[in-house]
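Residue-level structural notes
Next come the chains, spelled out residue by residue.
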6 protein chains.
Amino acid sequence: MAGGLFEFVPQDRRGIGAAMSGIVVQNIERARPEVVDGLGECGVATVHEAQGRTGLLRSFMRPIQAGARIAGSAVTISAPPGDNWMVHVAIEQLKEGDILVLAPTSPCEDGYFGDLLATSAMARGCRGLVIEAGVRDVRDLNRMGFPVWSKSVFAQGTVKATLGSVNVPIVCAGALIHPGDVIVADDDGVCVVARADAASVLEKARAREANEESKRQRLSAGELGLDIYDMRGKLEAMGLKYV
Amino acid sequence: MAGGLFEFVPQDRRGIGAAMSGIVVQNIERARPEVVDGLGECGVATVHEAQGRTGLLRSFMRPIQAGARIAGSAVTISAPPGDNWMVHVAIEQLKEGDILVLAPTSPCEDGYFGDLLATSAMARGCRGLVIEAGVRDVRDLNRMGFPVWSKSVFAQGTVKATLGSVNVPIVCAGALIHPGDVIVADDDGVCVVARADAASVLEKARAREANEESKRQRLSAGELGLDIYDMRGKLEAMGLKYV
Amino acid sequence: MAGGLFEFVPQDRRGIGAAMSGIVVQNIERARPEVVDGLGECGVATVHEAQGRTGLLRSFMRPIQAGARIAGSAVTISAPPGDNWMVHVAIEQLKEGDILVLAPTSPCEDGYFGDLLATSAMARGCRGLVIEAGVRDVRDLNRMGFPVWSKSVFAQGTVKATLGSVNVPIVCAGALIHPGDVIVADDDGVCVVARADAASVLEKARAREANEESKRQRLSAGELGLDIYDMRGKLEAMGLKYV
Amino acid sequence: MAGGLFEFVPQDRRGIGAAMSGIVVQNIERARPEVVDGLGECGVATVHEAQGRTGLLRSFMRPIQAGARIAGSAVTISAPPGDNWMVHVAIEQLKEGDILVLAPTSPCEDGYFGDLLATSAMARGCRGLVIEAGVRDVRDLNRMGFPVWSKSVFAQGTVKATLGSVNVPIVCAGALIHPGDVIVADDDGVCVVARADAASVLEKARAREANEESKRQRLSAGELGLDIYDMRGKLEAMGLKYV
Amino acid sequence: MAGGLFEFVPQDRRGIGAAMSGIVVQNIERARPEVVDGLGECGVATVHEAQGRTGLLRSFMRPIQAGARIAGSAVTISAPPGDNWMVHVAIEQLKEGDILVLAPTSPCEDGYFGDLLATSAMARGCRGLVIEAGVRDVRDLNRMGFPVWSKSVFAQGTVKATLGSVNVPIVCAGALIHPGDVIVADDDGVCVVARADAASVLEKARAREANEESKRQRLSAGELGLDIYDMRGKLEAMGLKYV
Amino acid sequence: MAGGLFEFVPQDRRGIGAAMSGIVVQNIERARPEVVDGLGECGVATVHEAQGRTGLLRSFMRPIQAGARIAGSAVTISAPPGDNWMVHVAIEQLKEGDILVLAPTSPCEDGYFGDLLATSAMARGCRGLVIEAGVRDVRDLNRMGFPVWSKSVFAQGTVKATLGSVNVPIVCAGALIHPGDVIVADDDGVCVVARADAASVLEKARAREANEESKRQRLSAGELGLDIYDMRGKLEAMGLKYV
């Protein structure tokens, strides 16, 4: 009686909890839009480095398109295998700038998502989908410009028979994602940034970019990393021999 | 004595039969061209739904090109691993609008098919290749506009030493395919429609498309699937809680 | 006592030797530029056939771009898992027309290589990278026109803590590669040609291409491989039955 | 003539048909017990050879126990992913000497089957389970002596929400299996023999065993296969060179 | 307010945080021994069901032995790929009844753990190892009776060059694990139970076992699940047809 | 100068050369028996460490038995996919204490080897088989006590149609193996030791074992690796924090 959310929090710590199935968390906090967009400009590799090489989803999460780079706030979905009912529930929770992130409760490559759901999600301001399962209608999704990172492309349909949850913490492709965390995705894959850390990670990512730009110019002019990073002495000390 | 075909039919039921190696079935029935083409217009995801979510090949069958969508009648090939002799035999059996479908008798990723075979197949009116093995010369195949769905791309060549069969039932990437069945393939993968069911499946697929179009417009306007499909009551009855 | 290189050769025969860790071989022999370039024009499938179907890397080595076809001399890198220090060392050894080829000493999919290293490698005349591990910044790499064949795309960074070796023989994706061997890579994958064999393989590859061109024209005109290659008699002798 | 079974047969030819979901075929024909048992004595490798190298399930189907060798008549199950309701339905159809064979309609590794279902199946005379998905309680299954060949071991449970079918043709691990076909399984994997062919395959398998026994004695005495099979001349003719 | 642990907690929420590398949490809470041991008696499948089908590690985590069933409190290790330095650090933190749980920060199959580390861990009262990477010396580990669940067996050694962390939350084989959580492992795989839930999960698991025992006896006597669970009406209502 | 063997050596350097197909090298050198046996006593993990962490085959090479540990001299086979003709040829080349090592020229999981070939090989003094492909009759092989390390178990048979080579250098499961090299195999996998290095590697392996024994006793008594290896200072210097 003390409120669903309050009870929810301590149970939340295991990521996918028994008590959480059948729950929709409606009000989630999000990072500030300019922070989200800034992280999107930096891209996955830079953001991942900037936050200490954490938060990366597994490399089997591949884009269905080439060249897209997005960032947004995670609206998370924990769904049973082969059941996309909760996607409909999640779409209602979307706000401008969000990204849907779905993890099945056991491994599945069925096509949870196609052009109709993308149409609906785009109408709600959704920027893309990250799904540790399959999608279909990829030709249409590409034409619509709706970017997706998925484990598979598979026309196999799903049912609507069992509850899951929306906006609970999930483990997606090996990364723990809380609702409202910032998702960054591009051709390199997908990275999650904890909402609370987003601003500081952005700062570090921009510093990193500035630093890289000067390095890029020196390397482009033919200078060697061995010299720029002053590696020769250390390599010799480690025993590297030139023959 | 009553003819090879008659003897063939009852043995046929196991898909890949001992008695069938070294057999070429010359006269196969095909679905009507307008039905085949209609199914091609609908695409894999819609056709697969329309026939009750059956007939889909495994998701590891990927296109070597983007954006192609074809349909055609299956000319099937059962080939030994690493041996593409039967592809030459099968090409003679091709008619305008056919698709070559090859399954090796044990798993293999060798490159059974390249630009020379594609040149020959195109000259016979072939629309594409579906192969649970490898292909090569993919740059040339793409330039020629010859679409392929395969398990792998691999330059490893094959020999011509052992017989297989042409136009016998095969299991390809987990789906049973009879010669003359309709193959539909696009970016979502590959689906087979039994020849006898092709017309009725097309009808259902078109009905489905019409229905989807109206849904698409409502979803695009911001209406929710929760309301369009009237899901709220059922979700509540199942115990979904909003917190 | 007679010099590092002399001692090196007999130990070399095991490919990745204990004695070789921490060694950089500075002067390697390369094939003549016109031979290397000629092999590049022929492409992987033709070169692989021309040298007796040998030297092909495993099919999991996929390009991050479409349509690129390159050839170059291998500058090899044996690197610890998750450690890209030796890439910096290797870049200094690059000459115009070289290709970096990296094999980790145990399986790894981390992103060893990104846009900064590509900038540096391009400034030294490097034509591309072949890596049995991961790369990142693939959007930038594609924009720069730096071609890569890799096992994975993964933003996971690497450290610079442990020595490896440069220009020692390596086993990369199942193929033995010596420094100075010719690497050919295109949409079909990657093939290695031993430096000493490069000229003779090129000759055979060109003969093969000439022969294929005449076949292509006959096949394009509708003639069958069964007739061009005179297969009918042999197939009948093997027992092929038309029903 | 208007009976369900008659209608069923022609639709049956695609293996997994739309019309078949929600169907239980109650009366299936089985091979004679002495034929089934004879095939079991021969084992998978011999039976597979005896029927012309056909009918083998993919190599990812592994036993959870060591040393078991069984044969039985297939009671087939086509089940939705993550839903084991049809296993209960199938158990009622079991007769003494049967083997349950389950294929999910899309790839799944959930644990469909555990010790309670095994208890029930054993009480009906079931000899084992072949499942292109997961099982659990494997310690108990081993103690009970109930043999299983599966794609995975996974404690993940299943639901009972959607219909499948029992005793319809299925494609399981790449092999087409009709109800009543003979299943042979041992440490080498799983093989299916078409019911109609079972007696003749047994005859060939026994002939093969007899022949092998004489070979085994000669080989054991140190005679070479090169001589027993008279291969030397052919190898020389093919160009084999001893150096 | 200045305490390390307090600061640690909020950062902890992302599981593997940048700020956490190089941290050893020394005092962790554990579940009561009789609860831990009770969960071990129930086994993975029952515990997993009892907590609502959550907490299961991926099915690629396989035992190196047969028949072992253990439970213990997790001492967690987040380690760089190919670097087992933190295992030594973690062993000091072990208490009687603990289980080591290691997740690498990027995918790795190297052999982090062998008989020397097992000797040390056993001397500290450790009950086993769960590792999303490789182990070696498995013959010795089996002789010593030290149970392991791992992703691979691989003799490839590791280095001691980079810091990780001990007793921080980790994602291991897809499951979020906090230090002090209860790990249950047997032939079915590995399951984690949140420390705070352990007692209530044990209660449910025991109720489940009691209930299963009565079912087992009825099923063993030949009664059908269709009747015991009263499924016939529901199946008929869903449209199941017997033909 | 005209000798076959002499010509062979320089071509040999690419491992699997075009010129080598159809060649049987009859007289190979082997390491001394006591060195081979000594390496076998040390086992894979120790030998692999002793030679600087080189020579290990990939982790997918798994034993079909538990507890076997062997060492022997490699008789190598390069075989076409699905063709085991060269195994018969290789058996004639076996001497007491040899191990057959087979690599297919393209990936294959067919069952190249069964109980008849094992009978023949054992009669020639063969100690086991290492094969980057499949085997069958594993129940018989286990009963006979013939140990095998393979990529798969698969009853699928092979043909005898195309030449390969015997006793040429091969790349097997990622490791370069020359005929006469020492193979060590046990539950941890398979390792190759170059013939010329065998004696010195044995010496290092034994030193390693002696050193490990003293460590084992200290660890068993509860002493920590942190203290034995004097790691505390270095960890603190690296920044490890205890909280």
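Here, the structure is the one placed above.
I will try to describe carefully the structure that is included in this document.

Each value, and the rule that gives it
- Residues numbered from 1 in each chain as written.
- Chains lettered and ligands numbered in written order.
- Predicted model: local features only at pLDDT ≥ 70, side-chain atom pairs only at ≥ 80, totals over all residues.
- Heavy atoms only, no water.
- Helix = DSSP H or I, 4+ residues; strand = E, 2+ residues; numbered from the N terminus.
- Buried < 20%, exposed > 50% of the residue type's maximum accessible area, 1.4 Å probe, protein only.
- Contact = heavy atoms within 4.5 Å.
- Areas by Shrake-Rupley, 256 points an atom, 1.4 Å probe, with all protein chains shown as cover.
- Salt bridge = Lys/Arg side-chain N within 4 Å of Asp/Glu carboxyl O.
- Phe/Tyr/Trp six-rings, centres within 6.5 Å; stacked < 30°, edge-to-face > 60°.
- Least-squares fit on C-alpha atoms with pLDDT ≥ 70 in both.
- Axes fitted to C-alpha atoms, helices over the stretch in contact; angles between N-to-C directions.
- Parallel < 35°, antiparallel > 145°, perpendicular 65-115°, else oblique.
- Left-handed = near helix turned anticlockwise from the far one by under 90°.
- Buried area = accessible area lost by both parts, 1.4 Å probe.
- Polar contact = N/O pair within 3.5 Å; in protein donor to acceptor, adjacent residues only side chain to side chain.
- Nonpolar A, V, L, I, M, F, W, Y, C, P; charged D, E, K, R; others polar.
- Pairing = 2+ DSSP bridges.
- Lys, Arg positive; Asp, Glu negative; His and termini not counted.

Things to note about the overall build of chain A
- Scanning chain A from terminus to terminus reveals nine helices and 13 strands.
- Taken over 243 residues, chain A has a buried fraction of 65%.
- Nonlocal contacts in chain A, meaning residues at least 24 apart in sequence, comprise 76% of its contacts between residues at least 6 apart.
- When the accessible surface of chain A is totalled, it reaches about 8300 Å², and 50% of it is carbon and sulfur.

A look at the pattern of salt bridges
- A full pass over the atoms with the stated rule returns 102 salt bridges over all chains.
- Ionic pairing is found between R208(C) and E212(C), a salt bridge with its closest N-O pair at 3.9 Å. Of this pair, R208(C) and E212(C) both sit in helix α7 (residues 198-220), four residues apart, which is roughly one turn of that helix.
- On the basis of relative accessibility, which here comes to 29%, the residue R208(C) falls in the partly exposed class.
- Put simply, E49(A), R53(A), R208(A), E212(A), E213(A), R216(A), D115(C) and R136(C) are held in one network by salt bridges that share partners.

Considering the packing of aromatic side chains
All names here are of chain B.
- Throughout the structure, instances matching the rule amount to six aromatic pairs over all chains.
- Centroid distance F113 to F146: 5.6 Å. Interplanar angle 15 degrees. Geometry classified as stacked. Of this pair, F113 sits in strand β5 (residues 111-113) while F146 is found in the loop between α6 (138-144) and β7 (148-153), placing the two residues 33 residues apart along the sequence.
- Here F146 falls in the buried class, since its relative accessible area comes to 1%.

As for the relation of the copies chain A and chain B
- Once chain A has been moved 0.0 Å along the axis and rotated by 120 degrees, it coincides with chain B to within an RMSD of 0.0 Å. The transformation just described matches what one would write down for a three-fold rotation axis. Within chain A, the C-alpha atom positioned nearest to the axis of rotation is that of A66(A), 6.4 Å from it.

Some points on the packing of helix α4 (residues 85-93) of chain E against helix α5 (residues 115-123) of chain E
Residue and element names in this part refer to chain E.
- Contact geometry for α4 and α5: axes closest at 9 Å, N-to-C directions at 15 degrees. The orientation of α4 relative to α5 falls into the category roughly parallel. Classified by chirality, the crossing of α5 by α4 is left-handed. Judged by residue contacts, V87, H88 and I91 of α4 engage L117, S120 and A121 from α5.

A word on the interface of chain A and chain B
- Taken together, the contact pairs 38 residues of chain A with 35 residues of chain B.
- Where chain A abuts chain B, roughly 3200 Å² becomes buried across the two surfaces, and 60% of that area is made up of carbon and sulfur atoms.
- Across the chain A-chain B interface, the total number found is three salt bridges.
- Its salt-bridge partner being E49(B), residue R136(A) comes within 2.8 Å of it at the nearest N-O pair.
- Joining chain A to chain B, the criterion identifies 13 residue pairs in polar contact (both at pLDDT 80 or more).
- If you list the elements that add at least two residues to the side of chain A that touches chain B, you get α1 (4-11), β1 (23-24), α4 (85-93), α5 (115-123), α6 (138-144) and β7 (148-153) of chain A.
- A per-element tally of the side of chain A that touches chain B places α4(A) first, with seven residues.
- Taken together, the residues that form the side of chain A that touches chain B break down as 17 nonpolar, 13 polar and eight charged.
- Two strands pair when backbone bridges link them, and β1(A) and strand β13 (residues 241-242) of chain B are joined in this way by two bridges, in the parallel orientation. Bridged to V24(A) within β13(B) is Y242(B).

Looking at the environment of L226(A)
- Secondary-structure assignment places L226(A) in helix α8 (residues 225-228).
- Look past the residues within four positions of L226(A) in its chain and what remains in contact with it is M231(A), R232(A), L235(A), Y242(A), H88(C), V89(C) and E92(C).

Here we look at the pairing of strand β3 (residues 70-79) of chain D
Residues and elements named next belong to chain D.
- Of all the ten residues making up β3, ten are buried; the element is thus mostly covered by neighbouring parts of the structure.
- Direction of pairing for β3 relative to strand β11 (residues 182-186): antiparallel, over a ladder of four bridges. Directly across from I70, in β11, lies its bridge partner A185.
- Across seven bridges, β3 lies against strand β4 (residues 98-104) in parallel orientation. Pairing of V75 across the sheet is with L100, part of β4.

Focus on the pairing of strand β11 (residues 182-186) of chain A
All names here are of chain A.
- Among the five residues in β11, five count as buried, and that is most of the element.
- Of the two faces of β11, the one lined by V182, V184 and D186 and the one lined by I183 and A185 are each fully buried.
- Where β11 and strand β12 (residues 189-193) come together, five bridges link them in antiparallel fashion. Residue pairing across strands places V182 opposite V193, the latter belonging to β12.
- The turn joining β11 and β12, which pair antiparallel and follow one another in sequence, is formed by two residues.

Quick look at the arrangement of the chains
- Across the gap from chain B to chain E, with no contact made, the nearest C-alpha atoms are 15 Å apart.
- Note that chain A does not reach chain F: the shortest distance linking a C-alpha of one to a C-alpha of the other is 15 Å.

Observations concerning the side chain of E109(F)
- Mapped onto the secondary structure, E109(F) falls in the loop between β4 (98-104) and β5 (111-113).
- One buried charged residue, E109(F), forms no salt bridge at all, with the nearest opposite charge on K151(F) at 6.2 Å.
- Those residues in contact with E109(F) that lie beyond four places of it in its chain are P107(B), S59(D), A133(F), G134(F), S152(F) and F154(F).

A few points about the environment of R208(D)
- Separated by 36 residues in the primary sequence, R208(D) and C172(D) have C-alpha atoms spaced 27 Å apart.
- When residues no more than four places from it in sequence are discounted, the contact partners of R208(D) are T46(D), E49(D) and A50(D).

Digging into the side chain of R136(C)
All names here are of chain C.
- Following the sequence through the fold, R136 ends up in the loop between β6 (128-135) and α6 (138-144).
- Here R136 falls in the buried class, since its relative accessible area comes to 13%.
- Among the polar contacts made by the side chain of R136, one reaches the main-chain carbonyl oxygen of A155 at a distance of 2.7 Å.

A look at helix α2 (residues 33-42) of chain E
- Turning to α2(E), its buried residues number three or more, namely V35(E), V36(E), G38(E), L39(E), G40(E) and C42(E).
- In this structure, the buried side of α2(E) is in contact with α3 (44-50), β3 (70-79), β11 (182-186), β12 (189-193) and α7 (198-220) of chain E.

Section: α5(E)
Residue and element names in this part refer to chain E.
- Within α5, seven of the nine residues are buried, leaving the element largely enclosed by the surrounding structure.
- Along α5, the residues classified as buried are D115, L116, L117, A118, T119, S120 and A121.
- Phi turns positive one or two residues past the end of α5, at G125, with a value near 90 degrees.

As for the environment of S59(A)
- Inspection of the secondary structure puts S59(A) in the loop between α3 (44-50) and β2 (62-63).
- Taking relative accessible area as the criterion, S59(A) reaches 15% and is therefore assigned buried.
- Sequence-distant contacts of S59(A), that is, excluding residues within four places in its chain, are made with E109(C), S152(C), V153(C) and F154(C).
- In this structure the side chain of S59(A) is engaged in a polar contact, spanning 2.2 Å, whose partner is the side chain of E109(C).

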